[in-house]
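# Secondary and tertiary structure notes
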Amino acid sequence: MKLKNLLRQEHTRRQALAEGYVVPDSSRCVQCGICSYYCPINIDVRRHAWEGVPVKDSHCLTCGECVARCPRGVLQFERTHLFSPQRIAAIGA
Amino acid sequence: MVRYVIIGSGVAGISAIEAIRSRDYSGDITLISDDPFGYYSRPGLAYYLTGELGEQHLYPLPQQRLPELRVRILQARVAHIQPGPHCLELDNGIRLPYDRLMIATGASAARADTPGADLAGVVKLDNLEDARYIIKLARKSRSAVVVGGGITALELVEGLRARKIRTHYFLRGERYWSNVLDETESRIVEHRLKEEGVQIYYHTELGEILGRNGRVAAVRTKAGRLVSCDMVAIAIGIRPRTALAKEAGLQVERGIIVTEHMQSSEADIYAAGDVAQVYDPLTGKHVLDSLWGPAREQGYVAGQNMAGQASTYLKPIAFNVTRLANLTTTIIGTVGRGDDEDLFGIARGDSEVWRQLPDAIAAQADFEVNRLRLVMANNTIIGAIIMGDQTLSRPLQQLVAKKVDISTVRERWLKPDAPLAELVTDFYLQWRQSDAARQP
């Protein structure tokens, strides 16, 4: 792999880490617990899905394990827009 | 102080408790359940069977949650409900008065009336105890026969296969889950099962279960074929557990009839979940939904009403996501027609609404194991099945729920070779923009 591609891949990964978070769709969830079980740092993702709140835990690695393992497609990554250029421009940073 | 009593520790009961506590912190709440394991994820049992999850992971609530909500838990069976004096009688002789009662007793697996059905080694999948028993038996079994249609039967097949059991799957009809899936969808599931090594028998009914020393040894089909096995798993549908309600004189058809406030025919008695037969404003009938999501929703509405906050259950479009032969499948709205010979009444994870099909045309698109089927009425999409790639699942859920007018694109979508997935995506993106524009 060319160095340029490698860097681009790394950039995409870092971007996902920085700008994405896990958002549940409660209506699909049956509280089976696979998400919490496979979370490498023991975040109770299932509880988030019950309450319908995004995993904004500052420890979340956004590794995607819960998103990939959920048998019912409850979880997905969404952009936080926290560091979007528009937002940065808006706050004049 | 209001005395609330909830019968049943499933999701409807737990949801009701949360609703009651969100409004009434001082009321006295008693949860009565005959399930020794309390509240756990019943749909999760499928993944416990396949070995994806350990038993300890099936419990959704942190241990301190129910004490936090100040719930008294009684492990007992209710013998009688006396609506007049507002009193329950437990099987241990205790009498328990209530001001508001909720019945969330759920449903249990329909029993097979086959000779030999009481032999050791005949199993069903209703609760954690059943799942434990199956896992225990599977350790020393080599082959099993699974009987029935619907989601639970497939969960049993997949669970047994994951445990390296040679699995024979009997279908009474000519294909899998014929009242919800169309022929191609059934075949996709069957093909994948066969690839996993499952042997499927069509037009095959269980005639007799043969035992040796009180244990399952083989089955004889109605056509006389002998299949040797160590286990027989049966999932031919479920029956709402209505005996208590019937005896108490509540209005019961197949389930307990409830209003849109989840109230039964008795003023202070509510019902929710698998046991309740709820009003469907679309058809004007009372229907059974044996789905986790609606049970939670109904429980919450019942709880709010019990605590004095008027709340209405608006039955949403039927919706379920499940995994069929390792293929994530979303079923939305109305999708099928007719009866399934494998099921008596309703199965777990099933909604009767899926089968109330008015005049409609289906459009389909499939590529390998990704498949999309839309069911369209004149101007709207009334149902969809999405197998495999779930990208369109959320968009379609919205298009069906919001009854979005598709009359401008309908003809194009119905053309035989139309790239349906792409057309739906384009349409959805356009609609979302316009919809977003309309609702600031």
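Here the structure is shown first, and the text comes after it.
Small disclaimer: the values here were computed from a predicted structure and weren't measured.

## Digging into the overall build of chain A
- Along chain A, the regular secondary structure elements total five helices and two strands.
- Going residue by residue from the N terminus, the α and β elements of chain A occur as α-β-α-α-α-β-α.
- Residue burial in chain A is summarised as follows: out of 93 residues, 37% are buried.
- Expressed as a percentage of contacts within chain A between residues at least 6 apart in sequence, the contacts between residues at least 24 apart total 64%.
- With the model as given, the accessible surface of chain A reaches about 5,700 Å², and the carbon-plus-sulfur share is 56%.

## Focus on the overall build of chain B
- In terms of regular secondary structure, chain B is built from eleven helices and 26 strands.
- In terms of C-alpha radius of gyration, chain B reaches 23 Å, essentially the compact-globule figure of 22 Å for 440 residues.
- Projected onto its principal axes, the C-alpha positions of chain B cover 70 × 65 × 35 Å.
- Only carbon and sulfur atoms are counted for the fraction: they give 47% of the accessible area of chain B, which is about 18,800 Å².
- Averaging the locations of the 52 positively and 53 negatively charged side chains of chain B gives two centres separated by 4 Å.

## Some points on the packing of aromatic side chains
Residue and element names in this part refer to chain B.
- Under the definition given, this model contains nine aromatic pairs over all chains.
- On the numbers, 6.5 Å between centres and 15° between planes, the contact of Tyr39 with Trp292 is stacked. Of the two residues, Tyr39 is situated in the loop between strand S2 (28-33) and helix H2 (45-50) and Trp292 in helix H8 (residues 292-306); the sequence distance between them amounts to 253 residues.
- In this structure Tyr39 comes out as buried when scored by relative accessible area, which is 8%.
- Take Trp292: its relative accessible area is 11%, and that puts it in the buried class.
- Through pairs of rings, three or more aromatic residues link up here, namely Phe37, Tyr40 and Tyr59.

## Some words on the nonpolar core
- Residues Ile81, Leu88 and Tyr169 of chain B are the most contacted members of the largest nonpolar core, which totals 103 residues.
- Counting residues in each nonpolar core, the second largest holds 25 residues, with Phe319, Ala384, Val424 and Phe427 of chain B among its members.

## Remarks on unusual backbone geometry
Residues and elements named next belong to chain B.
- Not every positive phi belongs to a glycine, and Trp177 is a case in point at roughly 45°.
- By the secondary structure assignment, Trp177 is in the loop between strand S11 (166-170) and helix H6 (183-195).
- Given a relative accessible area of 0%, Trp177 falls into the buried group.
- Not every positive phi belongs to a glycine, and Asn213 is a case in point at roughly 55°.
- As for its position among the elements, Asn213 is in the loop between strand S13 (206-212) and strand S14 (215-221).

## Section: the interface of chain A and chain B
- At the interface, 21 residues of chain A touch 29 residues of chain B.
- For the chain A and chain B pair, buried surface summed over both sides reaches about 2,200 Å², with 48% attributable to carbon and sulfur atoms.
- Ranking the residues of chain A by area buried against chain B places Arg28, Trp50 and Arg72 of chain A at the top, with a combined share of 33%.
- For the pair chain A and chain B, the number of links is two salt bridges.
- A salt bridge links Glu18 of chain B to Arg47 of chain A, with the shortest nitrogen-to-oxygen separation between them at 3.6 Å.

## A word on H8 of chain B
All names here are of chain B.
- For H8, spanning 15 residues, the distance from its first C-alpha to its last is 21 Å, which sits close to the expected 21 Å at 1.5 Å a residue.
- The set of residues buried in H8 consists of Trp292, Pro294, Ala295, Gln298, Gly299, Val301, Ala302, Gly303, Gln304, Asn305 and Met306.
- Those residues of H8 that are buried are in contact with strand S1 (3-7), helix H1 (11-21), strand S7 (100-103), strand S19 (269-271) and strand S20 (276-280).

## A short note on the side chain of Arg323 of chain B
- Locating Arg323 of chain B in the fold gives a position in strand S22 (residues 319-324).
- Only 2.8 Å separates the side chain of Arg323 of chain B from the side chain of Glu52 of chain B, close enough to count as a polar contact.
- Setting aside anything within four residues of it in sequence, one finds Arg323 of chain B in contact with Pro71 of chain A together with Tyr47, Glu52, Glu158 and Thr328 of chain B.

## Structural notes on the pattern of salt bridges
Residues and elements named next belong to chain B.
- Counted according to the given criterion, the structure contains 28 salt bridges over all chains.
- In this structure, Asp182 and Arg371 form a salt bridge, with 2.6 Å as the shortest nitrogen-oxygen distance. You can see Asp182 sitting in the loop between S11 and H6 and its partner Arg371 sitting in strand S25 (residues 370-376), a full 189 residues away along the chain. Taken individually, Asp182 and Arg371 each receive the classification buried, so the pair is uniform in this respect.
- Across the pair Glu183 and Arg187 runs a salt bridge, and its minimum N-O distance is 3.3 Å. In this pair, Glu183 and Arg187 are both assigned in helix H6, four residues apart and thus about one turn of the helix distant.

Conventions adopted
- Residues numbered from 1 in each chain as written.
- Chains lettered and ligands numbered in written order.
- Predicted model: local features only at pLDDT ≥ 70, side-chain atom pairs only at ≥ 80, totals over all residues.
- Heavy atoms only, no water.
- Helix = DSSP H or I, 4+ residues; strand = E, 2+ residues; numbered from the N terminus.
- Buried < 20%, exposed > 50% of the residue type's maximum accessible area, 1.4 Å probe, protein only.
- Contact = heavy atoms within 4.5 Å.
- Areas by Shrake-Rupley, 256 points an atom, 1.4 Å probe, with all protein chains shown as cover.
- Rg over C-alpha atoms; globule rule 2.2 N^0.38 Å.
- Lys, Arg positive; Asp, Glu negative; His and termini not counted.
- Charge placed at Lys NZ, Arg CZ, Asp CG, Glu CD.
- Phe/Tyr/Trp six-rings, centres within 6.5 Å; stacked < 30°, edge-to-face > 60°.
- Core = buried A, V, L, I, M, F, W, Y, C linked by side-chain atoms within 4.5 Å.
- Buried area = accessible area lost by both parts, 1.4 Å probe.
- Salt bridge = Lys/Arg side-chain N within 4 Å of Asp/Glu carboxyl O.
- Expected span 1.5 Å × (residues − 1).
- Polar contact = N/O pair within 3.5 Å; in protein donor to acceptor, adjacent residues only side chain to side chain.

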